[in-house]
Amino acid sequence: MIIETAMKKFFLFLSQNRTLNRAAKKWGLRFGAHRFVAGETIREAINKVRELNKQGLVCTLDHLGEFVSSREEAVEAADYCIRTLDAIHAARVKSNLSLKLTQLGLDIDRDLCRVNMQRILERAKKYGNFVRIDMEDYSHCQITIDLLRELRREYSNVGTVIQAYLYRAEKDVETLRGVPLRLVKGAYKESPEVTYPDKKDVDENYKRIIKAHLLSGSHTAVATHDDKIIEFTKQLVARYNIPRHRFEFQMLYGIRPQSQLELVRQGYTMRVYVPYGNDWYGYFMRRLAERPANVAFVLKGMLVK
Ligand code: FDA
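Predicted model, so just to flag it, every value in this text is computed and none were measured.

A.B. asks: Any chance you could break down the overall build of the chain for me, citing the residues and the numbers?
C.D. replies: Broken down by element type, the chain carries twelve helices and eight strands. The globule rule puts the C-alpha radius of gyration for 305 residues at 19 Å, and the 18 Å found for the chain is close to it. In terms of overall dimensions, the chain has a C-alpha envelope of 50 × 50 × 45 Å along the principal axes. Counting every position in the chain, which comprises 305 residues, the buried fraction comes to 41%. A separation threshold of at least 6 residues defines the contact pool for the chain, and within that pool the share at least 24 residues apart is 70%.

A.B. asks: Residue-level account of the packing of helix H8 (residues 199-215) against helix H9 (residues 227-239), with values.
C.D. replies: It is the contact of H8 with H9, at a shortest axis distance of 11 Å, that shows an interaxial angle of 30 degrees. Compared by their axis directions, H8 and H9 come out roughly parallel. When you trace H8 past H9, the crossing you get is right-handed. Residues Tyr206, Lys207, Ile210, Lys211 and Leu214 of H8 lie in contact with H9, whose contacting residues are Ile229, Phe232, Thr233, Leu236 and Val237. Grouping the amino acids of the contact of H8 with H9 by side-chain chemistry returns seven nonpolar, one polar and two charged.

A.B. asks: Which residues make up the nonpolar core, and what are the values?
C.D. replies: With 79 residues, the main nonpolar core has Leu104, Leu183, Val272, Val274 and Phe284 as its most contacted residues. What Phe284 contacts, discounting residues up to four positions off in sequence, is Ala33, Phe36 and Val37.

A.B. asks: Pulling in residues and values, what's your account of the site of the ligand?
C.D. replies: Among the 23 residues in the neighbourhood of the ligand, the closest are listed as Asp134, Val184, Ala187, Thr224 and His225. Going through the elements one at a time, strand S4 (158-163), strand S5 (181-184), strand S7 (247-252) and helix H11 (281-290) are the ones with two or more residues in the shell around the ligand. Here the element with the most residues in the shell around the ligand is S7; it accounts for three residues. Here the shell around the ligand is built from residues that sort into ten nonpolar, six polar and seven charged.

A.B. asks: So what about the sheet that holds S5? Which residues, and what values?
C.D. replies: Ordered in space as S1-S2-S3-S4-S5-S6-S7-S8, the eight strands form a closed barrel in which the pairing is parallel. Within the sheet, the average angular offset between the axes of one strand and its neighbour, ignoring direction, is 30 degrees. Here S5 runs beside strand S6 (residues 220-223); their pairing, made up of three bridges, is parallel. Along S6, the bridge assignment pairs Arg182 with Ala221. Helix H10 (residues 257-265) contacts S7 and strand S8 (270-276) of the sheet and is inclined by roughly 145 degrees relative to S8.

A.B. asks: Go over the packing of helix H5 (residues 110-126) against helix H6 (residues 141-154) with me, naming the residues and quoting the values.
C.D. replies: Relative to each other, H5 and H6 sit at 45 degrees, their axes nearing to 11 Å. With respect to each other, H5 and H6 are oriented oblique. The crossing of H5 and H6 is right-handed. Residue-level contacts link Cys113, Arg114, Met117 and Leu121 of H5 to Leu147, Glu150 and Leu151 of H6. When grouped by side-chain class, the residues that make up the contact of H5 with H6 number five nonpolar, no polar and two charged.

Basis of the calculations
- Residues numbered from 1 in each chain as written.
- Predicted model: local features only at pLDDT ≥ 70, side-chain atom pairs only at ≥ 80, totals over all residues.
- Helix = DSSP H or I, 4+ residues; strand = E, 2+ residues; numbered from the N terminus.
- Rg over C-alpha atoms; globule rule 2.2 N^0.38 Å.
- Buried ≥ 20, exposed ≤ 12 C-beta atoms within 10 Å, placed from the backbone.
- Contact = placed C-beta atoms within 7 Å.
- Axes fitted to C-alpha atoms, helices over the stretch in contact; angles between N-to-C directions.
- Parallel < 35°, antiparallel > 145°, perpendicular 65-115°, else oblique.
- Left-handed = near helix turned anticlockwise from the far one by under 90°.
- Nonpolar A, V, L, I, M, F, W, Y, C, P; charged D, E, K, R; others polar.
- Core = buried A, V, L, I, M, F, W, Y, C linked by C-beta atoms within 7 Å.
- Near = placed C-beta within 6 Å.
- Pairing = 2+ DSSP bridges.

Right, here's the structure in full:
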């Protein structure tokens, strides 16, 4: 347990290293990252989505990007999102889009970020598609929710993510009634001042927010690999007769693929989060932090590219 906690901290620390992040862009997918990242190009990603669709899974594509520090990079990231929407439409695959506001310039200029989001949402609207704003670390939580509210005045095809490890999660879910939310446990290294330090409390809070959002009549995506939470959700929707179009399960590409298919077989909507692009390093480190057992893949990946 102590070793696991130390490894978790270590990988979360590595995920924030800008030098390694920059270097990794030139390496190509390495160290077993291809297990969690669908490819470096949009073409590879669309092919993976097509394969997943054939198995009954729907997807959300994410063009990976971290540490955007110039206006040009932010505009370029927005262009990538638009190209991803174009590619989804052209290929007629079942996928929506996930993105991060810092990619679109949130830390540089809030207005630039909003304009980038408007461009993306306009294109998504044209295609009848949906865009999910991922939730990043705590320092971006309030501003993400504020910006989401602004965007929702103009666009209904946008939602966000609430992290159960935050003390504020329950309140946020209450105030975001009617907004499509993805509910997760939370993936960042945060202080106990803002998050439940104990995993048991995170799980209890997770159940509370799933129940609250589902029962409020709002679309709810339960994004977890945790069987206990999945079972809890199944029982809840059965008990309250919640129709299947009002909720979905989500899992990450490469994690528990058999469970993903099993949920499809049982008639649930299962959406796979499919990341792609050359900026894979931070995402990959966060996945290793979640489950240090995956480090075995890194060691194998070092031997075989
Ligand atoms: P938990 O970590 O308790 O794991 C339960 C079980 O799942 C484990 O025992 C193991 O069997 C399996 N498992 C979990 N992680 C694994 C891994 N990496 N490899 C193999 N098996 C694994 N977070 C965030 O802060 N902002 C966001 O926007 C998102 N978005 C998002 C989208 C989607 C579709 C998913 C599934 C998750 C996110 N997350 C996220 C990440 C989320 O916050 C959380 O860190 C992970 O989902 C891991 O937590 P679990 O709920 O899976 O449970």
